[in-house]
Amino acid sequence: MNIADNLRKLISDTPESVSIIAVSKRKSVEDILQAYKAGQRIFGENRVQELSEKHPQLPEDIEWHMVGHLQTNKVKYIAGFVHMVQSIDSLKLLLSLEREAKKADRIISCLLQIHIAREETKFGFTREEVLEIATSPEVQSLNNVRISGVMGMATFTEDKEQVKSEFRHLRETYNDLKENCFSIRPDFKEISMGMSGDYQIAIEEGSTMVRLGTIIFGERNY
Ligand SMILES: *Cc1c(COP(=O)(O)O)cnc(C)c1O
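As the structure is a computational prediction, the values presented were derived from the model and not from experiment. (Residues numbered from 1 in each chain as written. Predicted model: local features only at pLDDT ≥ 70, side-chain atom pairs only at ≥ 80, totals over all residues. Heavy atoms only, no water.)

**Here's the deal with the layout of surface pockets**
What the largest pocket holds in volume is close to 860 Å³. Taken together, 34 residues form the lining of the largest pocket, with Met 153, Phe 156, Met 195, Ser 196 and Gly 197 sitting closest to its centre. Top element by residues in the lining of the largest pocket is helix α8 (residues 199-204). It accounts for three residues. Taken as a whole, the second largest pocket encloses approximately 170 Å³ of empty space. Lining of the second largest pocket is provided by Ile 11, Thr 14, Pro 15, Glu 16, Val 18, Ser 19, Ile 20, Gly 39, Gln 40, Arg 41 and Ile 42. A breakdown of the residues in the lining of the second largest pocket according to their chemical character gives five nonpolar, four polar and two charged. (1 Å grid on protein atoms, 1.4 Å probe; cavity = no way out; pocket = protein on both sides within 12 Å on 5 of 7 lines; lining within 4 Å. Points joined across faces, edges and corners; volume = space filled by probe spheres on them. Helix = DSSP H or I, 4+ residues; strand = E, 2+ residues; numbered from the N terminus. Nonpolar A, V, L, I, M, F, W, Y, C, P; charged D, E, K, R; others polar.)

Below, the structure is given as structure tokens:
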């Protein structure tokens, strides 16, 4: 298992228009450095504590993405350096990110997480909820948060048709939002979908960002 080889193969198989987020949760600083040395600059983590511990040990030019559920009261620990929060699942969290980004004198990108899976446990807005929130005046007037698109996780299943229809639903939700709320915002352009098991389907369905862990770093030990 060689991280650099895995990355090289992925890059050659992935259209240039699709960004690869290397999801390094539960992986060591050494593993992350191997990917960094192979040219990878965008990394994703899903826990605040792990992200805040790794960040100071690694090169400054890494673009860190938070991809896991984020509690409002923990935003302050990452607001000083995080590049993008992909997992905005409530208005409260969005407003907290705005506040903390302002305090840190930064602009932080974010994605609105949409619930597309069958499983009850995955976080995110419904299509109706997200349209309502995105049209609200307080969201349209955010200054320190840049809403850059949507994120979603498909059901963990072998049923490819199911996964495909969930990704399609995410793309349609993105299109609705673009048309109704962000038509004059060129920054609103990302559809983050696809993990190691389903990223090829996601790319076929219009993904612009794939979040890959296992296929780059190998299985995680819990
Ligand atoms: C862990 C994780 C991934 C990567 O999962 P793999 O199946 O290992 O590629 C992607 N997105 C999120 C939100 C994750 O938590």
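Let us keep going from here.
**Brief notes about the site of the ligand**
Close to the ligand lie Val 23, Lys 25, Val 67, Met 153, Met 195, Ser 196, Arg 211, Leu 212, Gly 213, Thr 214 and Arg 220. Between the ligand and Arg 211 there is a distance of 2.9 Å, counted from a nitrogen atom to a side-chain nitrogen or oxygen. The contact in question runs from an oxygen atom of the ligand to an N or O atom on the side chain of Arg 220, over 2.7 Å. Considered on its own, the ligand offers 390 Å² of accessible surface; in the complex 91% of this is hidden by protein. Of all the cavities here, the one that holds the ligand is the largest pocket. Taken together, the residues of the shell around the ligand sort by class into five nonpolar, three polar and three charged. (Near = heavy atom within 4 Å. Polar contact = N/O pair within 3.5 Å; in protein donor to acceptor, adjacent residues only side chain to side chain. Areas by Shrake-Rupley, 256 points an atom, 1.4 Å probe, with all protein chains shown as cover. Sits in = over half its atoms within 2 Å of the grid points.)

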